[in-house]
Amino acid sequence: MDLASVDMKKEFEEYNKVAPKQTVSLLGSDFVYRYYKNPDPAVKATVVMLAGGSGIGDGFFAFAKCFMERYSLINFNYPMGYTDNEKLSDAVAELIKYLKAENVYFWGQSYGGALAQIIAKRHPEVVRGLILTSTASMSNNIRFEGMSCLVRMFGEEKEEKNIRTYKKFPMSLLPVIMNLAFKKHLKDNPGAQKAIKGLLEQVKPDLTKEYFCHMSHLLGDLRNHLGTHHKQDFEYLKGRVLIIEPDDDATFTADIKDELINMMPEPTVLREIPGGHLAMMLDTDGFMKIINDFMDKQTF
């Protein structure tokens, strides 16, 4: 699928029809989600999509369609009623149980990958496997350079600065700023830039000050999980973890990437994939093939 050639408005309309928003009350707050139960899946698994730092799961609607062709799918924007990662993890686990979803694999991109690991540690009863892409580890064995990187990203000063910025920033300009930020990552790929612009246009109503402050709190809360994960926390996932960590992704240091791999039991690992932090945008078909090949080899 060449995202640059996709009519994003049409795709989003179809996505809304196939997987409409639903709401359930979980742990004292409303949880808005999308659930597509595939009647004839190629693989009898459910993929739960966990977005990165934007928190906008609906921004991955084009990828959701790829998943829905072969699996059942759960997707959502991170609800504002859950104010830290433990509460959010507990709510996601409750959603899985409420839907009675089977053979659940969490796909986590960037922040979503960290959240997937927190869910896997806290709620192994709902996790069959993990697909971790361009993300970090909360390992207790990360060296000084890597831990310094994570502290800079998730530290209290960074969180407070982001919130001050969002509160003052004219939100009408946010899509423009986000486009410029993505262009920095996709400067050599105008087609991917066009795709990102189309994606942002469809989810524009979700881009509010309140929501970005909410995401700043969730990102900042990750500092409370640094160094708390141990190898034994994930032993039950032996052979059921896929890690895609592009070597040219400079978001996290090399030792953070290495420790994520060391943390997981016998993971399938791919490093030599171009595109940095947004590799999925540059070669969507290739990216999905990696995931599909991994899922085809899983046993249930």
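Structure: see above.
What this report covers is the structure whose coordinates are included nearby. (Residues numbered from 1 in each chain as written. Predicted model: local features only at pLDDT ≥ 70, side-chain atom pairs only at ≥ 80, totals over all residues. Heavy atoms only, no water.)

Topic: the overall build of the protein chain
Here is the rule: Helical segments are the DSSP runs of H or I of at least four residues, strand segments are the runs of E of at least two, and each set is numbered from the N terminus. The size measure is the radius of gyration over C-alpha atoms, and the globule rule it meets is 2.2 Å times the number of residues to the 0.38 power. Relative accessibility under 20% of the residue-type maximum defines a buried residue, over 50% an exposed one, and the middle range a partly exposed one, all with a 1.4 Å probe and only protein chains included. Note on contacts: a residue pair qualifies if any of its non-hydrogen atoms lie within 4.5 Å across the two residues. Under the convention used here, a 1.4 Å probe and the Shrake-Rupley method define accessible areas, while residue burial counts only the protein chains that appear. Only four residue types enter the charge count, namely Lys and Arg as positive and Asp and Glu as negative; His and the chain termini do not. A charge is said to be at NZ when it belongs to Lys, at CZ for Arg, at CG for Asp and at CD for Glu.
What the protein chain contains, in helices and strands, is twelve helices and eight strands. For the protein chain, whose C-alpha radius of gyration is 18 Å, the value lies close to the compact-globule estimate of 19 Å for 300 residues. A principal-axis box enclosing the C-alpha atoms of the protein chain has dimensions of 50 × 45 × 45 Å. For the protein chain, buried positions account for 56% of its 300 residues. Counting contacts in the protein chain only where the partners sit at least 6 residues apart, residues at least 24 apart contribute 79% of the total. Surface summary for the protein chain: the accessible area is close to 13,500 Å², and the carbon and sulfur share equals 51%. With 37 positive and 40 negative side-chain charges, the protein chain shows a spacing of 3 Å between the two charge centroids.

Some points on the environment of Asp 84
For clarity, the threshold we go by: We define a polar contact as two N or O atoms separated by no more than 3.5 Å, with the added condition that, inside protein, one atom must be a possible hydrogen donor and the other a possible acceptor, whereas residues neighbouring each other in sequence contribute only through side-chain atom pairs.
Of note, Asp 84 is situated in the loop between strand 4 (72-75) and helix 3 (85-99). For Asp 84 and His 214, which are 130 residues apart along the polypeptide, the C-alpha to C-alpha distance reads 9.2 Å. Only 2.8 Å separates the side chain of Asp 84 from the backbone nitrogen of Lys 87, close enough to count as a polar contact.

Remarks on the sheet that holds strand 6 (residues 129-133)
Operational definition: When DSSP finds two or more bridges between two strands, those strands count as paired. Angles shown run from 0 to 180 degrees and are taken between the N-to-C directions of axes, each axis being a line fitted to C-alpha atoms and, for helices, limited to the stretch in contact.
Strand order in the open sheet formed by eight strands is 1-2-4-3-5-6-7-8, with mixed pairing between adjacent strands. What marks the edges here is a single partner per strand, and that holds for strand 1 (21-26) and strand 8 (268-270). Neighbour-to-neighbour, the strand axes of this sheet turn through a mean angle of 20 degrees, independent of strand direction. The pairing of strand 3 (residues 46-50) with strand 4 spans three bridges and is classified as parallel. Following the sheet pairing, Val 48 is matched in strand 4 by Ile 74. Relative to strand 3, helix 2 (residues 61-68) is tilted by about 170 degrees, and along the sheet it contacts strand 2 (29-36), strand 3, strand 4 and strand 5 (104-109).

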